[in-house]
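Observations on the three-dimensional arrangement
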Amino acid sequence: MVEAVWLIPAFPLAGFLTLLLFGRRLGEPVAGWLATLAMVGSLLATIFVYLGLIDRPEDARMFDQVLFEWVPVGNFSVDVGFLLDPLSITMCLFITGVSAVIHLYSVGYMQGDANFSKFFLYLNLFAFSMLMLVLGDNMLLTFLGWEGVGACSYFLIAFWFDDETNATAGKKAFVTNRVGDWGFMVAMFFTFTAVGSIQYIDVLGSAGGLSESTASAITLLLLIAAAGKSAQIPLYLWLPDAMAGPTPVSALIHAATMVTSGVYLLIRMNPVLEASAEWATTTIAWVGAITALFAASIAVAQNDIKKVLAYSTISQLGYMFLAIGLGGYVAAVFHMVTHACFKALLFLGSGSVIHGMDGDQDMRHYGRLAKVMPITAITFIIGWLAISGVPPFSGFWSKDEVLLVAFDEGGWGKALWVIGILVALLTAFYMTRQVVLTFFGRYRYNDPRPDELPENAAPIEYPALYEPPAVADDVELPASVEQRAKHHPHESPWTMTASLVLLAGLAVFAGLLNLPFGGWHNLEKFLEPSLAGNEAHIDASGGLKVGLGAIAVIVAVVGVAVALGAYLRNKRSPKTLEPEVLAEGWYYDQTVSNFMGGPGRKAFEAVAWFDRTIIDGAVVGTGRAVQAASTGLQRVQNGFVRSYAALLASGGLLLLAYFLLRATL
Amino acid sequence: MGFASTVFASGGTVDFPLLSALIAIPAAGAVLLTLLPRSRPELFRQIAVLLSVATGAISIWLLAAFDSGVDGFQFRTEHSWVSDLGISWLLGVDGISLFLIVLTGILFPIAIMAEEPDRDPKQYYAWLLLLEAGCMGVFMALDLVMFFIFFEIVLVPMYFLIGRWGHGNRVFAATKFFLYTMAGSALMLVGIVTLAVLDASRGGHALTFSLEILGDSQALAESSSWTARFVFLSFALAFAVKVPIFPLHTWLPDAHTEAPTAGSVILAGVMLKLGTYGFLRFGLFLFPEASVYFAPLFVALGVIGILYGAVVATMQRDLKRLVAYSSVAHLGFIVLGTFSLNSEGITGGLLQMVNHGVSTGALFLLVGMIYQRRHTRMIDELGGLQKSAPIMAGVFMLVMLSSIGLPGLNGFVGEYLTLLGAFMAHRWWAVIATVGVILAAVYLLWAYQRVFHGPAEGENADMPDLRFSEGLLLLPLLGLILFMGIYPKPVIERMEPSIDALIDHIEEYVEDFTEPTNDVLVATGAGHGEDTEHSGDTDDGEGSEGADE
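Residues numbered from 1 in each chain as written. Chains lettered and ligands numbered in written order. Predicted model: local features only at pLDDT ≥ 70, side-chain atom pairs only at ≥ 80, totals over all residues. Heavy atoms only, no water.

1. Things to note about the overall build of chain B
Basically, it comes down to this: Only DSSP runs of H or I covering at least 4 residues are called helices, and only runs of E covering at least 2 are called strands; the numbering of each starts at the N terminus. For the exposure calls, accessible area comes from a 1.4 Å probe over protein chains only, and a residue counts as buried if that area is under 20% of its type's maximum, exposed if over 50%, partly exposed in between. It only takes one pair of heavy atoms within 4.5 Å for two residues to be counted as in contact. Note on areas: these come from Shrake-Rupley sampling with a 1.4 Å probe, and a residue is covered only by the protein chains present in the view.
Of regular secondary structure, chain B possesses 23 helices and two strands. With the C-alpha coordinates aligned to their principal axes, the bounding extent of chain B is approximately 70 × 70 × 45 Å. The proportion of buried residues among the 549 residues of chain B is 66%. Long-range contacts, defined as pairs at least 24 residues apart, comprise 80% of the intrachain contacts of chain B with a sequence gap of at least 6. Within the structure as shown, chain B displays about 17,200 Å² of accessible surface, and the carbon and sulfur contribution to it stands at 61%.

2. Description of the overall build of chain A
Note the following rule: Under this rule, positive means Lys or Arg and negative means Asp or Glu; His and the chain ends count for nothing. Positions of charges follow a simple convention, taking NZ of Lys, CZ of Arg, CG of Asp or CD of Glu.
When helices and strands are counted, chain A shows 26 helices and two strands. C-alpha extents for chain A along the principal axes are approximately 100 × 80 × 60 Å. Across the 665 residues in chain A, those meeting the buried criterion constitute 62%. In chain A, once contacts between residues fewer than 6 apart in sequence are set aside, the share between residues at least 24 apart is 79%. Taken as a whole, chain A presents about 23,700 Å² of accessible surface, with 65% of it coming from carbon and sulfur. In chain A, 37 side chains carry a positive charge and 51 a negative one; their mean positions are 6 Å apart.

3. Regarding the environment of B:Ala240
Residue and element names in this part refer to chain B. For Ala240, the location among the structural elements is in helix 11 (residues 225–242). We classify Ala240 as buried; its relative accessible area is 7%. Sequence-wise, Ala240 and Gly275 are 35 residues apart; in three dimensions their C-alpha atoms are separated by 6.3 Å.

4. Let's talk about the environment of B:Phe452
Structurally, the position occupied by B:Phe452 is in helix 21 (residues 435–452). You can call B:Phe452 buried: its relative accessible area is 0%. With 55 residues separating them in the primary sequence, B:Phe452 and B:Glu507 have C-alpha atoms 50 Å apart. Apart from the residues lying within four places of it in its own chain, the contact partners of B:Phe452 are A:Phe161, B:Ile370, B:Gly384, B:Leu385, B:Gln386, B:Met392, B:Ala393 and B:Phe396.

5. Notes on the interface of chain B and chain A
Put simply, the rule reads: Once two parts are brought into contact, the accessible area they lose, counted with a 1.4 Å probe and summed over both, makes up the buried area. What makes a salt bridge here is a side-chain nitrogen of Lys or Arg within 4 Å of a carboxyl oxygen of Asp or Glu, nothing more. We define a polar contact as two N or O atoms separated by no more than 3.5 Å, with the added condition that, inside protein, one atom must be a possible hydrogen donor and the other a possible acceptor, whereas residues neighbouring each other in sequence contribute only through side-chain atom pairs. Residue polarity follows a fixed list, in which Ala, Val, Leu, Ile, Met, Phe, Trp, Tyr, Cys and Pro are nonpolar, Asp, Glu, Lys and Arg are charged, and the others, Gly among them, are polar.
Contacts between the two partners involve 99 residues from chain B, matched on the other side by 88 residues from chain A. Approximately 8,300 Å² of surface area, both sides summed, lies buried where chain B meets chain A, with 69% of it carried by carbon and sulfur atoms. Taken together, the links from chain B to chain A amount to three salt bridges. Residue B:Lys489 is joined to A:Glu69 by a salt bridge in which the shortest nitrogen-to-oxygen separation is 3.0 Å. Our count for the chain B to chain A interface comes out at 18 residue pairs in polar contact (both at pLDDT 80 or more). It is helix 8 (residues 170–203) of chain B that provides the largest number of residues to the side of chain B that touches chain A, a total of 16 residues. Tallied by class, the residues present in the side of chain B that touches chain A amount to 55 nonpolar, 30 polar and 14 charged.

6. Quick look at helix 6 (residues 144–153) of chain B
Note: α-helices contain 3.6 residues per turn, so residues at a spacing of three or four share the same orientation. Residue and element names in this part refer to chain B. With eight of 10 residues buried, helix 6 lies mostly within the body of the structure. Those residues of helix 6 lying buried are Leu144, Val145, Met146, Phe147, Phe148, Phe150, Phe151 and Glu152. Where helix 6 begins, one side-chain oxygen reaches toward the backbone nitrogen of Val145, 2.9 Å away; that side chain belongs to Asp143.

7. Some thoughts on the pattern of salt bridges
Counted under the stated rule, the structure contains 29 salt bridges over all chains. In this structure, B:Glu78 engages B:Arg76 in a salt bridge whose closest nitrogen and oxygen atoms are separated by 3.4 Å. Here B:Glu78 falls in the exposed class, since its relative accessible area comes to 51%. Across the salt bridge formed by B:Glu289 and B:Arg229, the nearest N and O atoms sit 2.6 Å from each other. Of this pair, B:Glu289 sits in helix 14 (residues 288–314) while B:Arg229 sits in helix 11, and the two are 60 residues apart along the sequence. We classify B:Glu289 as partly exposed; its relative accessible area is 25%. Residue classification places B:Arg229 among the buried residues on the basis of a relative accessible area of 8%. Each of A:Glu69, B:Lys489, B:Glu493 and B:Arg494 takes part in a single network of salt bridges with overlapping partners.

8. Quick look at the confidence of the model for chain B
Residues and elements named next belong to chain B. Put simply, the test is: Scored between 0 and 100, pLDDT is the confidence that the predictor attaches to each residue.
With 91% of its residues at a pLDDT of 70 or more, chain B has an overall mean of 87. Considering only residues more than four positions removed or in separate chains, one finds that residues 1–12, a stretch of pLDDT under 50, has 21 contacts. Confidence drops under pLDDT 50 across residues 523–549; counting only partners more than four residues distant or on other chains, this segment forms 48 contacts. Model confidence for the complex: the whole-complex pTM is 0.90, and ipTM, which rates the interface, is 0.89.

9. Thoughts on the pairing of strand 2 (residues 87–93) of chain B
Residues and elements named next belong to chain B. To keep things clear, this is the line we draw: We call two strands paired when DSSP finds no fewer than two bridges between them.
With six of seven residues buried, strand 2 lies mostly within the body of the structure. With six bridges joining them, strand 1 (residues 74–82) and strand 2 adopt antiparallel strand pairing. Paired with His79 across the two strands is Trp89, which belongs to strand 2. If you look at the hairpin formed by strand 1 and strand 2, you'll find four residues sitting between the two strands, and Gly86 has a positive phi there, around 75°.

10. Here we look at a negative patch on the surface
Our working definition: Residues enter patches when their relative accessible area tops 30% and they take part in no salt bridge; the joining distance is 9 Å for like charges and 5 Å for the nonpolar side chains Val, Leu, Ile, Met, Phe, Trp and Tyr.
On the surface, B:Asp71, B:Asp216, B:Asp504 and B:Glu508 cluster together to form a negatively charged patch. Positionally, B:Asp504 belongs in helix 23 (residues 489–509).

11. Structural notes on the packing of aromatic side chains
To be explicit about the condition: Stacked, tilted and edge-to-face are the three classes applied to pairs of Phe, Tyr and Trp rings, where Trp contributes its six-membered ring and a pair requires centres within 6.5 Å; stacked means planes under 30 degrees apart, edge-to-face means over 60, and tilted covers the rest. Any Lys NZ or Arg CZ found within 6 Å of a ring centre and within 35 degrees of that ring's normal is scored as a charge over the ring.
Applying the stated criterion to the full structure yields 62 aromatic pairs over all chains. Each ring, one from A:Trp33 and one from A:Trp494, has its centre 6.3 Å from the other, and the planes form 20°; the classification is stacked. Of the two residues, A:Trp33 sits in helix 2 (residues 30–54) while A:Trp494 sits in helix 20 (residues 494–509), which places them 461 residues apart along the sequence. Ring geometry for B:Trp81 versus B:Trp89: centroids 6.4 Å apart, planes at 90°, classification edge-to-face. Classification of B:Trp81 by relative accessible area gives partly exposed; the value is 45%. When the ring centre of B:Trp226 is taken as origin, the NZ or CZ atom of B:Arg229, which lies over that ring, is 4.8 Å away.

Encoded structure:
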């Protein structure tokens, strides 16, 4: 059964090729259904292979399938081959599962788009690349998938390319990720030079023989790579902008799957992490913790429904890095899986809202949508409870695992735990804010907006959460306000709501994978062969675990309560909770952009100037000088080429004479 | 092996003088065209296409008949020529030159079919065919004088192609190109003569210019290492200008930009390889000690070229100039790989020569197609073309990604291997060079965005998409981009024996030089193709499972 592993990526590849050749002819909606079918096929193949794998004894759950030799040169040789083990099959299960649901959803979401079939072509290509990434049996094949998903992400962010913003966002994503790729490539060079192979089985088998400094260098380079793809400080910049893509893309690529590849890479290389110095892995944990806190604080003050979720994704990925850095690989995988379910759900929910609101993404324009979009609202609320860490929803269990690993670490681990708890508080707060602004309170779509008021009019309170804004009677409002009154938000078509319900089910029950009770550590037991005993050992007693869980729940409830008070009950003005500095993301993006557009660009221009003026100037100057000199010397022969040739020939003869003399003497 | 052996069945010896034919057919075509009456203009293009296709077909035949396990020269042809001076008509092919010959054979028909000249088709096609004969000659000549003649002869047709059928400031560009590259190679002739004369006097035998004899006798090394180093530099200067290596590159953007499409395709695709090929075939082989001695210098210059070319490319406003500067960066990778002096680096460099020919050739064709439609190459004046020409945009994207070095496409394999090779030889230079991977994405994606994304206005909004015939022209290149990215093994297999022989040659003649390579920690060994650890392929599927602790 495990021999069928090649079928897993083969399905989306076949889908991609079919759409490439016949996509336009198939058109809407057949192209979408075909792509969905390919993903369902891939999901079924994954389940089939999974059943085959668990049928084997635990120590035989690593299976390497080589298709063909890819790049064999000298000592260097890599194959196109698949490594099937508990880690890769876990990745495949949630990737194909979530992908299939999101494909289904997209059939409805992309309805009427001029490039309908092209969208699904990219989506299938993405799924193929993602599966190559996790199934590849060597670093280079993972890198192929890594770059493939990056390219697809670029295509899909810039999918509506005639808007300059989308095109810029796509380019930014690709280029930022390339910074991470630099780390990946150098890490591979290091690994090959030190180990003699970049085949995972070889690397993992001999990582123990690496010197601590080499292993640390590889770990840090992998961290750079992972920080690019998984949007961690300092490379997270591209992810908020990537929200320019269609919402299913945000759900699939920028929440559930692609952004977890950095996490996957670090877990896959766990023996190298284990062999490196402690400060190297601690760096991973701190990068994760700081990113989690930083992004959560920004999410608090965002008004774009997708931006909130984007920063939330960055923050949740930070949790996973935090866990990995402390050796809590199982916790990281666990949180990755549950996060994929509830974050995909939240994104698709936001897509459903955006669909019903004619493309408007500003939460200040929403309100009370639960009435008109009941299914979207209920499923979104499930996602909200899951991410906020309310038991028994999935997010509670996985987040608890991450925090437990931190608390158990001792020393600086306690500080990391405190940060983690703070992030949990902020998460509960901003997610509640989002739910309230979108689904509850006043319906605000028809309100006049500040930029619609005439310049001399008195300023209005905005957004007006509780009472309709007081606009003086003599103020003339533009037609756009009246037009909006005619708009009626609506629930989305069945393909979309069905997907929401499916994901909501997963968001509720995904916690069952790894419950902290005796005998329920299914995921931990299953992953053991891939982690080769490198998983951090937790000493905490049962009582401590319950206590920590209780603290997490209390924190979540506080976060929810504060947000409800501020945004639903008028207890506190929301304005004070949304300072400018957070809305602007601590000005980090702006600073980087200013640098790139300012001194960075100037430096590039200076090099181009140097090339034109100095280097080429010297060449042209020499030519002119020779021309002038030769016309001066030989007035009879002013043939440009000939005079030059004559000069060269005479010079050449002199040199020849010199060499001959020197050599014979 | 299975796939490779069915596709490229090795044929052993072939009676037909393949190599001479590869030079003679296009050369005869050039002569034929000049003899044809001007009154039959329709014949010129047909003859040129026919003969270049025939030459291309023979180069494919050569590929099929090439014996992949052999490291020495195959299909050798030897005729005494100027026997008094020891010059002979000596041709041969090995793994280093094979794919450059095939590349030449494939690119010329494409370039010839790419566009019709606006004037004087007779001369235009005659020059192109002569150029093809010259390029073929460079890659096959095993006699130094013959090599030099071919090396210089190619300048003349290119000079006229740029000067007569080029754009804008074409005469200036053509003259600059001609003088710069000729000045560079003038010293090489001195070097060649010095080498041969010294070899003859040391060995006490008749004068010979045979590459193999001169390379194996290493006469210069015996006198003093600096004599050999000076002669090496006289070769290196000629090659460095041709590559071009920073800071000798400024003829290239002018020549590329002003040349007609066919000229740009050949210039980038084939002629830039004359320099890098020269380093491999002559520089490293004739002067192993000097090559090792100067390797750090060329590694440094290669890395500078990678970064510098990319930075300058970013700021270009003319699409063709941008592609030209991207060539400076790409050729930097080739130089870096070559002077890593190990199997990975040199193979990567050689692959990159072929890949760059394919990708940049395709890029210039596409830019030419845009120019034909829009009569501008200025990036500012283009925009939103993906709306009006989605297929062209898709093709451009694929070629661009290959140039960026996306895994799965051809550019990646070569780039990766050069960097890997460089890492094992000069770790920190390789770490810096890898930054070029980021910059390549910057300049190409930015250019793509400005040309194809955004709103389409004015003439950009209704630019016609790729025509079927244009698509056919690009198809072989697109096929190669995919094939060499997904399955480069048959190509590498044919290159590697010759490259390994070259490295052995260097190791043999240079004391304390050993190929820079990796430590091997892994017990199973790196060459694991037939390991029992791994299952064979999908069909027999009976894989063993690594009991990995």
